Amino acid sequence: MAILTATKHDGDSLNADVVIITTGRRRIPANSGILASASPVLTNIIEKPSKSNGGSSKRVIKILGVPCDAVSIFVRFLYSPSLTEKEMEKYGIHLLALSHVYMVAQLKQRCTKGVGARVTVENVVDVLQLARLCDAPDLWLKCMRLIHTKFKTVEQTEGWKFLQEHDPFLELDILQFIDDAELKRVDGKGCLRCKRMIQLLRLHSSVCDQSESCRVPLCRQFKKRGEKEKKMVEDTKWKVLVRRVASAKAMSSLSQSKKNKSEVLLKEEAEDFIRIRKKLI
Ligand SMILES: [Zn+2]
Ligand SMILES: [Zn+2]
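These remarks concern the structure in this document. Just so you know, these numbers come straight off a predicted model, no measurement behind them.

How each quantity is defined
Residues numbered from 1 in each chain as written. Chains lettered and ligands numbered in written order. Predicted model: local features only at pLDDT ≥ 70, side-chain atom pairs only at ≥ 80, totals over all residues. Heavy atoms only, no water. Helix = DSSP H or I, 4+ residues; strand = E, 2+ residues; numbered from the N terminus. Buried < 20%, exposed > 50% of the residue type's maximum accessible area, 1.4 Å probe, protein only. Donors = N, O, S within 2.8 Å, 3.2 Å for Na, K, Ca; no water. Tetrahedral: all angles 85-135°; square planar, octahedral: opposite > 155°, others 65-115°. Patch = residues over 30% accessible without salt bridge, like charges linked within 9 Å, V, L, I, M, F, W, Y side chains within 5 Å. Areas by Shrake-Rupley, 256 points an atom, 1.4 Å probe, with all protein chains shown as cover. Salt bridge = Lys/Arg side-chain N within 4 Å of Asp/Glu carboxyl O. Pairing = 2+ DSSP bridges. Axes fitted to C-alpha atoms, helices over the stretch in contact; angles between N-to-C directions. Contact = heavy atoms within 4.5 Å.

1. Regarding unusual backbone geometry
Here the phi dihedral of methionine 103 falls at roughly 55 degrees; this positive angle occurs in a residue that is not glycine. On the secondary structure map, methionine 103 appears in the loop between α5 (85-101) and α6 (105-117). What makes methionine 103 partly exposed here is its relative accessible area of 43%. Of note in the backbone geometry, aspartate 135 takes a positive phi value of approximately 55 degrees without being a glycine. Along the chain, aspartate 135 falls in the loop between α7 (124-133) and α8 (137-149).

Have a look at this one:
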């Protein structure tokens, strides 16, 4: 009996009982057991009662918003976790988005590194947005650091101009990061005289009322930091509120019984993602 069960299971795992459909209408046959064991999100989709009336038709899973080849590579990865450098080069950002949406941790880790290793001044702003969207803090930090060191060049890119028009909050985040990094740099090291000098500059900043146009070094940066500290209480409240709204949103999409959780997530994320991707082409 045990042998029979084992044999049956092996047979099943070779069988394609679902079909994945891409934006380009490619049909990729796959085995539900393998998909489910690799992705909790796919488990949800597969375990949901099928809408189709007949038992004969194969279950359909739509993976939209990314190139067909990226979906094929993604599915292949679920079967056996390997990825060539070429695939990473061409579809790293798409695979990162897929790995995030479908919660495939191993792939996400690989893509975070792979995309991070290939980030350039030309695409760093887009990758930064993707990192935020995909909740990839390592990649985010890597992008921030690159933007900081190459800011003069990054400022000239299409990505930066797009960001300035469409995402002023992210722009603010970046400028804040750069200011903070500059301050850390001068705060951290130096002899006693340097430290005295910095204290003096800080003191100046605290009494300067024209810090935006002031030519004294670090005046504006210290001013901003001072304001930031003052606003800390408000900021904390604000952050808590944002987190609550975000988790309420996540909860409502989790509890949506009629619409599929992952479809909802994928749709929202895909929309953002497509916007980013359009700029990358
Ligand atoms: Zn010194
Ligand atoms: Zn000043």
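2. Re the coordination of the zinc ion (ligand 2)
In this structure, His204 (NE2), Cys208 (SG), Cys214 (SG) and Cys219 (SG) serve as the protein donors to the zinc ion (ligand 2), at separations of 2.0 to 2.4 Å. In this structure, the zinc ion (ligand 2) is surrounded by four donor atoms whose angles at the metal cover 103 to 117 degrees, and the resulting shape is tetrahedral. For the zinc ion (ligand 2), all donor residues lie on one chain, and their spacing in sequence is H-x3-C-x5-C-x4-C. Among the residues examined, cysteine 208 registers a relative accessible area of 11% and is labelled buried.

3. A few points about a nonpolar patch on the surface
On the surface, a cluster of nonpolar side chains totalling about 320 Å² of accessible area is made up of Met197, Leu200 and Leu203. Mapped onto the elements, methionine 197 comes out in helix α12 (residues 192-207). The class for methionine 197 is partly exposed, based on a relative accessible area of 47%.

4. A word on the sheet that holds strand β1 (residues 18-22)
Backbone-to-backbone hydrogen bonds pair the strands of a sheet. The strands run either parallel or antiparallel. Strands sit in the order β2-β1-β3 across an open sheet of three strands; the sheet is mixed. Bordering the open sheet on either side are β2 (27-30) and β3 (59-63), each of which pairs with just one other strand. Neighbour to neighbour, the strand axes of the sheet diverge by 30 degrees on average, direction disregarded. Of the strand pairs in this sheet, β1 and β3 are connected by five bridges, and their pairing is parallel.

5. Observations concerning the side chain of threonine 112
Relative to the elements of secondary structure, threonine 112 occurs in helix α6. On the basis of relative accessibility, which here comes to 14%, the residue threonine 112 falls in the buried class. Excluding its chain neighbours within four sequence positions, the residues that come into contact with threonine 112 are Leu96, Ala136, Asp138 and Leu139.

6. Re the pattern of salt bridges
This structure, assessed with the given rule, holds seven salt bridges. The closest approach of N and O atoms between arginine 118 and glutamate 89, which form a salt bridge, is 3.4 Å. Highlighted residues: arginine 118 in the loop between α6 and α7 and glutamate 89 in helix α5, separated in sequence by 29 residues. When its relative accessible area of 56% is taken as the criterion, glutamate 89 is described as exposed.

7. Quick word on the pairing of β1
With five of five residues buried, β1 lies mostly within the body of the structure. Covered by surrounding structure in β1 are Val18, Ile20 and Thr22 together with Val19 and Ile21, the residues of both alternating faces. In this structure, β1 lies alongside β2, joined through four bridges in antiparallel fashion. Of the residues in β2, the one forming a bridge with valine 19 is proline 29. Counting the residues between successive antiparallel strands, the hairpin from β1 to β2 contains four residues, one of them, arginine 25, with a positive phi of roughly 65 degrees.

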